[in-house]
Amino acid sequence: RSAGPVARHSSTIAVSPDGARVYVVNADADSVSVIDTASRALVREIALGTSPPAPDDAGRFEPRVQPRALALSPGARRLYVSGERSGDVSIVDLTIDRVVARVTACSEPAGVLVAPDERTLFVACSNDGSLVRIDAARRAVTGRRPTSRHRDLCRWLRASLLTYPRARPCCSPPQCLHAILIPPF
């Protein structure tokens, strides 16, 4: 059973079903900020990498994970974060506010969605033009579907409206890559 509404697309921000917390991607800091909505204060930063980003010898700053989007599970127990640079999806356990697993998904995962039953994740891969299905319990890729970039993803977006009638379209090309609904596999 879902504790809250199911997100129709991934974003850089997610709100807990009770509205008490906001989760925000920090691409340059390789982290997710947790904000208390009542006090409007930062509660904590959840590190996504094994170490914080630091400048290299030339003074350039290169994040290792570079989180791009996140999706809150309908039961609000897990947060899934796509790492554009790392190619991973980080799984954050919100009871301890820590990364508990990473699943290698693809080259430049851009968007991530959680199925309403919380068993499956769908990841849009911007560099290799594919859509990846991940089994959330096994934490493993279970399907990969090549696309012809934005056009096919938008077609799946429209097709998913037939399978999931409560879903709403949320984009038009080329933004579809970052706003995928659950596609047929």
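Quick caveat, the model's predicted, so the values are computed rather than measured.

### Here we look at the overall build of the chain
Now for step 1: A tally of helices and strands in the chain yields one helix and twelve strands.
Now for step 2: When the helices and strands of the chain are placed in sequence order, the string is β-β-β-β-β-β-β-β-β-β-β-β-α.
Now for step 3: A total of 185 residues make up the chain; the buried ones form 46% of that total.
Now for step 4: Restricting the contact set of the chain to residue pairs at least 6 apart, pairs at least 24 apart contribute 38%.
Now for step 5: Accessible surface computed for the chain: about 9500 Å², of which carbon and sulfur atoms make up 49%.

### Considering the pairing of strand 5 (residues 67-72)
In summary, the side chains of a regular strand alternate between the two faces of the sheet.
Now for step 1: Of all six residues in strand 5, five are buried; the element is thus mostly enclosed.
Now for step 2: One ladder, built from five bridges, connects strand 5 with strand 6 (residues 78-83); its direction is antiparallel. By the bridge assignment, Leu70 is partnered in strand 6 with Val81.
Now for step 3: Linkage of strand 5 to strand 6, two consecutive antiparallel strands, is achieved through a turn of five residues, within which Ala76 is found at a positive phi near 60°.

### A look at the pairing of strand 11 (residues 130-135)
Now for step 1: With six bridges connecting them, strand 10 (residues 120-125) and strand 11 associate as antiparallel partners. Paired with Val123 across the bridge in strand 11 is Val132.
Now for step 2: What sits between strand 10 and strand 11 in their antiparallel hairpin is a turn of four residues, with Gly129 showing a positive phi close to 55°.
Now for step 3: Hairpin geometry of strand 11 and strand 12 (residues 140-146) is characterised by an intervening segment of four residues between the two adjacent antiparallel strands and by a positive phi of about 55° at Arg139.

### A closer look at the nonpolar core
Now for step 1: Tyr80, Val89, Leu121, Val123 and Ile134 are the most contacted members of the largest nonpolar core, which totals 16 residues.
Now for step 2: Only strand 7 (88-93), strand 8 (98-104), strand 9 (109-114), strand 10 and strand 11 provide two or more residues apiece to this core.
Now for step 3: Top element by residues in this core is strand 10. It accounts for three residues.
Now for step 4: Among all residues touching Val123, those that are not within four sequence positions of it are Val89, Ala105, Cys106, Pro109, Gly111, Val112, Ser130, Leu131, Val132 and Ile134.
Now for step 5: Counting 15 residues, the second largest nonpolar core, distinct from the first, contains Tyr23, Val25, Ile46 and Leu70.

### Description of the state of the cysteines
Now for step 1: In the structure shown here, the tally under the stated rule is one disulfide.
Now for step 2: The residue that forms a disulfide with Cys106 is Cys125, at a sulfur-sulfur distance of 2.0 Å. An S-S torsion of about -90° defines the bridge between Cys106 and Cys125 as left-handed. On the criterion of sequence distance, the pair formed by Cys106 in the loop between strand 8 and strand 9 and Cys125 in strand 10 is long-range, its members being 19 residues apart.

### A look at the sheet that holds strand 5
Now for step 1: With antiparallel pairing, the four strands of this open sheet are ordered in space as 5-6-7-8. Looking at strand neighbours, the two that pair on one side only are strand 5 and strand 8, the edges of this open sheet. Within the sheet, the average angular offset between the axes of one strand and its neighbour, ignoring direction, is 25°.
Now for step 2: The sheet contact formed by strand 7 and strand 8 spans six bridges and is antiparallel. Bridged to Val89 within strand 8 is Val103.

### Concerning the environment of Ile46
Now for step 1: Along the chain, Ile46 falls in strand 4 (residues 41-47).
Now for step 2: Residues Ile46 and Asp30 lie 16 residues apart in sequence; the distance between their C-alpha atoms is 8.7 Å.
Now for step 3: Residue contacts for Ile46: discarding those within four places in its chain leaves Asp30, Ser31, Val32, Val34, Val92, Leu94, Asp97 and Arg98.

### Concerning the sheet that holds strand 12
Now for step 1: Strand order in this open sheet of four strands is 9-10-11-12, and the pairing throughout is antiparallel. The open sheet has two edge strands with one neighbour each: strand 9 and strand 12. If you compare each strand with its neighbour and ignore which way they point, the axes differ by 20° on average.
Now for step 2: Relative to strand 10, strand 9 is paired through five bridges, and the arrangement is antiparallel.

Calculation notes
- Residues numbered from 1 in each chain as written.
- Predicted model: local features only at pLDDT ≥ 70, side-chain atom pairs only at ≥ 80, totals over all residues.
- Heavy atoms only, no water.
- Helix = DSSP H or I, 4+ residues; strand = E, 2+ residues; numbered from the N terminus.
- Buried < 20%, exposed > 50% of the residue type's maximum accessible area, 1.4 Å probe, protein only.
- Contact = heavy atoms within 4.5 Å.
- Areas by Shrake-Rupley, 256 points an atom, 1.4 Å probe, with all protein chains shown as cover.
- Pairing = 2+ DSSP bridges.
- Core = buried A, V, L, I, M, F, W, Y, C linked by side-chain atoms within 4.5 Å.
- Disulfide = S-S within 2.5 Å.
- Axes fitted to C-alpha atoms, helices over the stretch in contact; angles between N-to-C directions.

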